[in-house]
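So you can see what is in the structure, the chains are spelled out below.
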Amino acid sequence: MNFYFKLKHYLFLYFKTKYHYSVNDKLNENYWIKGYKVNIESQKWKVEKGIPLGLYNGVMKAPMKRRVHISGLCEYCFALKEIGREPEQDKVINFLLKNLDSDSIYIGHNSLLKFLFWKTYVSNDSDEYYVHGMGQGQILSLLTRYTIKNSSESLEEKIVEVSNSYLVQLNHVHGFVNKQEETNIILEEYPKNPDRPHVLNGWIYSLIGLHDYIEYASQKGIQDNLILEKKRTLDKSLKTLERYINEYDIGFWSLYNLPKGLQNICSMHYQEQHIVLLKALGNITNNQRFIDYSDIFQKQYNNVFYRLLALFVKVFISNLIKHKWIYKT
């Protein structure tokens, strides 16, 4: 990712006037969030042999699986639907299914539970990886929609096994479900990175994905003996976010992650994400608090002075002081 790319896709966002995201209102072939097509139209995604590569790991000298970022893959498929290129999804979906990994844990009375997950690698020089909580949710959102049009029992079985990953705790090597106490559950985007706890957009994407699975399972009559536990996980995590959401508001902008402080301010890209994600989550869960904070972040986004202040804080407090860089390469 070069300097021009950063200017085009991140810095210039602070000076644009058009907001390109909107919200869909029901579970169908379209994702809850509309607007990903702009990443195809602006050529933000590099696509190789029909498969989108990750913005940062796409340049790795490694097998294709390690060069693909799961969130980008899912969002690319959402974008293909928006621009009427659905047939191209098939190759990407097949690539996704082929490269999912599996593991098992014991639950209850020594029952063995199989779950599927995507490995997100940390760097080109290491075999270290983590399970991206945001990506697990987006996989569920993508596959449930894909099977609405392309029904398959084998694919439904895989969807159930991806949803099983929501029962794997944070202390497991493949866990991203952070149970802090009996009532608090946070779905972590970066479960192995202590510098990025409780990432807001990742948490919401993960919640939406679990919601999509539960709704899909109900519509399709899928037999899942653990559906009640998954519903409890969703309910507890929604209530946790409802209690935490004010911590992401610093008065003029929103935070990328906690703890609350200027050093964790989000970029314009994520401010846009927070607005539409909270609106979508509020609509599908009928929770006015999420909608209210979507409106708060939207008003901040519309304020020119707040934009410039957020840009200053992002560059000189978050990037330069916290991370020791002006922009991430």
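Description of the structure in this document. (Residues numbered from 1 in each chain as written. Predicted model: local features only at pLDDT ≥ 70, side-chain atom pairs only at ≥ 80, totals over all residues. Heavy atoms only, no water.)

### Description of the side chain of Asn201
- Its location among the elements puts Asn201 in helix α8 (residues 200-220).
- Assessed through its relative accessible area of 1%, Asn201 is described here as buried.
- Excluding its chain neighbours within four sequence positions, the residues that come into contact with Asn201 are Met134, Glu189, Tyr256, Tyr270, Gln273, His274 and Leu277. (Helix = DSSP H or I, 4+ residues; strand = E, 2+ residues; numbered from the N terminus. Buried < 20%, exposed > 50% of the residue type's maximum accessible area, 1.4 Å probe, protein only. Contact = heavy atoms within 4.5 Å.)

### Structural notes on the packing of helix α7 (residues 153-163) against α8
- Two elements in contact, α7 and α8, have axes whose closest approach is 11 Å; the angle formed by their N-to-C orientations is 145°. As for the relative orientation of α7 and α8, their crossing is left-handed in sense. Of α8, the residues touching α7 (which contributes Glu156, Ile159, Val160 and Ser163) are Tyr213, Tyr216 and Lys220.
- Split by residue class, the contact of α7 with α8 holds 4 nonpolar, 1 polar and 2 charged. (Axes fitted to C-alpha atoms, helices over the stretch in contact; angles between N-to-C directions. Left-handed = near helix turned anticlockwise from the far one by under 90°. Nonpolar A, V, L, I, M, F, W, Y, C, P; charged D, E, K, R; others polar.)

### Describing the pattern of salt bridges
- Under the counting rule described, the total for this entry stands at 14 salt bridges.
- Salt-bridge contacts for Lys16 lead to Glu272; the nearest nitrogen and oxygen are separated by 2.8 Å. With Lys16 in the loop between α1 (3-11) and β1 (22-23) and Glu272 in helix α10 (residues 268-285), this pair connects stretches of sequence that are 256 residues apart.
- Using a relative accessible area of 18% as the deciding quantity, one classes Lys16 as buried.
- Overlapping salt bridges bring together Lys65, Asp101 and Lys119 as one network. (Salt bridge = Lys/Arg side-chain N within 4 Å of Asp/Glu carboxyl O.)

### Some words on the pairing of strand β6 (residues 111-117)
- Where strand β5 (residues 101-107) meets β6, 7 bridges bridge the pair, whose relative direction is antiparallel. Among the inter-strand pairings, Asp103 is bridged to a residue of β6, identified as Phe115.
- Where β5 folds back on β6, the antiparallel hairpin that results is connected by 3 residues, among which Gly108 adopts a positive phi of roughly 60°. (Pairing = 2+ DSSP bridges.)

### Points about a nonpolar patch on the surface
- On the surface, Phe12, Phe15, Val304 and Leu308 cluster together to form a nonpolar patch covering roughly 420 Å² of accessible area.
- Locating Phe12 in the fold gives a position in the loop between α1 and β1. (Patch = residues over 30% accessible without salt bridge, like charges linked within 9 Å, V, L, I, M, F, W, Y side chains within 5 Å. Areas by Shrake-Rupley, 256 points an atom, 1.4 Å probe, with all protein chains shown as cover.)

### Points about unusual backbone geometry
- Residue Pro259 follows Leu258 across a cis peptide bond; omega there is 5°.
- Tracing the sequence through the fold places Pro259 in the loop between α9 (227-244) and α10.
- Phi at Lys49 takes a positive value of approximately 55°, unusual for a residue other than glycine.
- Among the secondary structure elements, Lys49 is positioned in the loop between β3 (47-48) and β4 (51-52).
- One non-glycine residue, His198, lies in positive phi territory at about 55°.
- Relative to the helices and strands, His198 is located in the loop between β10 (185-187) and α8.

### Section: α8
- Compared with an ideal rise of 1.5 Å per residue, which puts 21 residues at 30 Å, α8 spans 30 Å between its outermost C-alpha atoms and is within 8% of the ideal.
- Burial analysis of α8 places 17 of its 21 residues in the buried class, the great majority of the element.
- Directly after α8, the chain includes Gly221, whose backbone phi takes a positive value near 65°. (Expected span 1.5 Å × (residues − 1).)

### With respect to the packing of aromatic side chains
- Under the criterion given, the structure shown has 18 aromatic pairs.
- Summarising the aromatic geometry, the rings of Tyr19 and Tyr301 are spaced 5.3 Å apart at their centres and angled 75° between planes, so their arrangement reads as edge-to-face. One end of the pair, Tyr19, is in the loop between α1 and β1; the other, Tyr301, is in helix α11 (residues 288-302), with 282 residues separating them in the sequence.
- For the ring pair Tyr31 and Tyr36, a centre distance of 6.4 Å and an interplane angle of 35° mean the geometry is tilted. (Phe/Tyr/Trp six-rings, centres within 6.5 Å; stacked < 30°, edge-to-face > 60°.)

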